[in-house]
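# Structure assessment
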Amino acid sequence: MIVDAERLRLLKTNGLFRGISESFLKPHLKPKNFFEVKEGEIIYVCGDETFELFLIVEGEVKIKFSCNGNVKYKYLSDFFGEDEILNGSERTSTAVANTDCILFRIGSAELKQLSSSNKKITDRLNSNNGNESSNSHNIIEPPEYLSPTDFNEEPGSDLPENFDNDVNWTSTET
C-alpha cells in the first residue's frame, strides 16, 4: 500500500493525534501499520484478545457492543478499540468495516508508550474510554460522512516541505 501525504495528514488530524507535534509523532507513523479492510470484513470480534487500537484514515466502521447490543459508527478522524486495552480485557465488542476502509493500527505496548509520553493522548484515551458501551440508544445513527474539508485546512498544509523526503512511505507488505 502506498501511503501518500493526504493519508498521513488525515492520520495526524485523527482525534487521538490532533495537535500533537510532528516531531513526537513521526517515529510512530510507520507505513506497515496502515492496512485495508473491505466492506463487511471483520476487524475483531467479541472475546478476541486485545492487542491494538485502530485509527480510521478512510471509511466507516460499525461497532456492536455485546454487553447491551448497542451499535455505534466510527468515521474519519475517529479511533476505536482502546477500551479493552485500557481495561486490560478481551474484546467486548465486534468491529466490522461498514465501507471499504483504510485503518492505522497501534499495538498496546506502543499505545502505552505514547500515552505515558504525552498527556494529551492520555486525556483523549480516557475521555473516549467507557463512552462506547454506555450509550442510552440502541442504535446510534451515523452523521453525514466527514470529509477532509471539515477540518478547515488546506490539504497537506501541516506538512513541512521535506517531511516525506526522509521516509519511504511505500510498504512492501500486501
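On a predicted model such as this, the values are computed, not experimentally measured, just so you know. (Residues numbered from 1 in each chain as written. Predicted model: local features only at pLDDT ≥ 70, side-chain atom pairs only at ≥ 80, totals over all residues. Heavy atoms only, no water.)

### A closer look at the nonpolar core
Counting 23 residues, the largest nonpolar core has Leu16, Phe17, Leu55 and Ile106 as the members making the most contacts within it. Mapped by element, the contributors of at least two residues to this core are helix 1 (5–12), helix 2 (22–25), strand 3 (52–58), strand 8 (101–107), helix 4 (108–117) and helix 5 (119–128). Apart from residues lying up to four places away in sequence, Phe17 is in contact with Leu11, Lys12, Leu25, Leu29, Leu55, Ile106, Leu114, Ile121 and Arg124. (Core = buried A, V, L, I, M, F, W, Y, C linked by side-chain atoms within 4.5 Å. Buried < 20%, exposed > 50% of the residue type's maximum accessible area, 1.4 Å probe, protein only. Helix = DSSP H or I, 4+ residues; strand = E, 2+ residues; numbered from the N terminus. Contact = heavy atoms within 4.5 Å.)

### Notes on the sheet that holds strand 8
Taken together, the four strands give an open sheet; going across it, the order is 1-8-3-6, and neighbouring strands pair in antiparallel fashion. In this open sheet, the two edge strands, each paired with only one partner strand, are strand 1 (34–37) and strand 6 (79–80). By the bridge criterion, four bridges tie strand 1 to strand 8 in an arrangement that is antiparallel. Residue Phe34 lies in a different strand from strand 8, and its bridge partner there is Phe104. Against the sheet, helix 1 contacts strand 1, strand 3 and strand 8, and its axis sits at roughly 125° relative to strand 3. (Pairing = 2+ DSSP bridges. Axes fitted to C-alpha atoms, helices over the stretch in contact; angles between N-to-C directions.)

### What about the confidence of the model for the protein chain?
With 71% of its residues at a pLDDT of 70 or more, the protein chain has an overall mean of 76. Strand 2 (residues 42–44) holds the highest mean pLDDT among the elements of the protein chain, 97, whereas helix 1 holds the lowest, 74. Low pLDDT (under 50) marks residues 130–174, which in the prediction has 80 contacts with non-local residues, meaning those over four places away or in another chain. (pLDDT = per-residue confidence, 0-100.)

### Points about the pairing of strand 3
With six of seven residues buried, strand 3 is to be regarded as a mostly interior element. With six bridges joining them, strand 3 and strand 8 adopt antiparallel strand pairing. Across the sheet, residue Leu53 finds its bridge partner in strand 8, namely Ile106. Relative to strand 6, strand 3 runs antiparallel, the two being bridged by two bridges. Counterpart to Phe54 in the pairing with strand 6 is Phe80.

### Considerations on the packing of helix 4 against helix 5
Geometrically, a packed helix pair is captured by the angle between its two axes and the distance between the axes. Running from N to C, helix 4 and helix 5 point in directions that differ by 115°, and their axes come no closer than 5 Å. In this structure, helix 4 uses Leu111, Leu114, Ser115, Ser116 and Ser117 to contact helix 5, whose residues at the interface are Lys119, Ile121, Thr122 and Leu125.

### Considering the environment of Tyr44
Positionally, Tyr44 belongs in strand 2. Those residues in contact with Tyr44, other than ones at most four positions away along the chain, are Phe54, Phe80, Gly81, Arg91, Ser93, Thr94 and Ala95.

### Some points on the sheet that holds strand 2
Adjacent strands of a sheet form backbone hydrogen bonds with each other and so pair up, either parallel or antiparallel. Spatially, the four strands line up as an open sheet ordered 2-7-4-5, and their pairing is antiparallel. In this open sheet, the two strands that pair with only one neighbour each are strand 2 and strand 5 (71–74). Averaged over all pairs of adjacent strands, the angle between their axes in this sheet comes to 25°, without regard to strand direction. Note: strand 4 (residues 61–65) against strand 5, four bridges, orientation antiparallel. Each residue of the ladder has a partner; that of Lys64, found in strand 5, is Val71.

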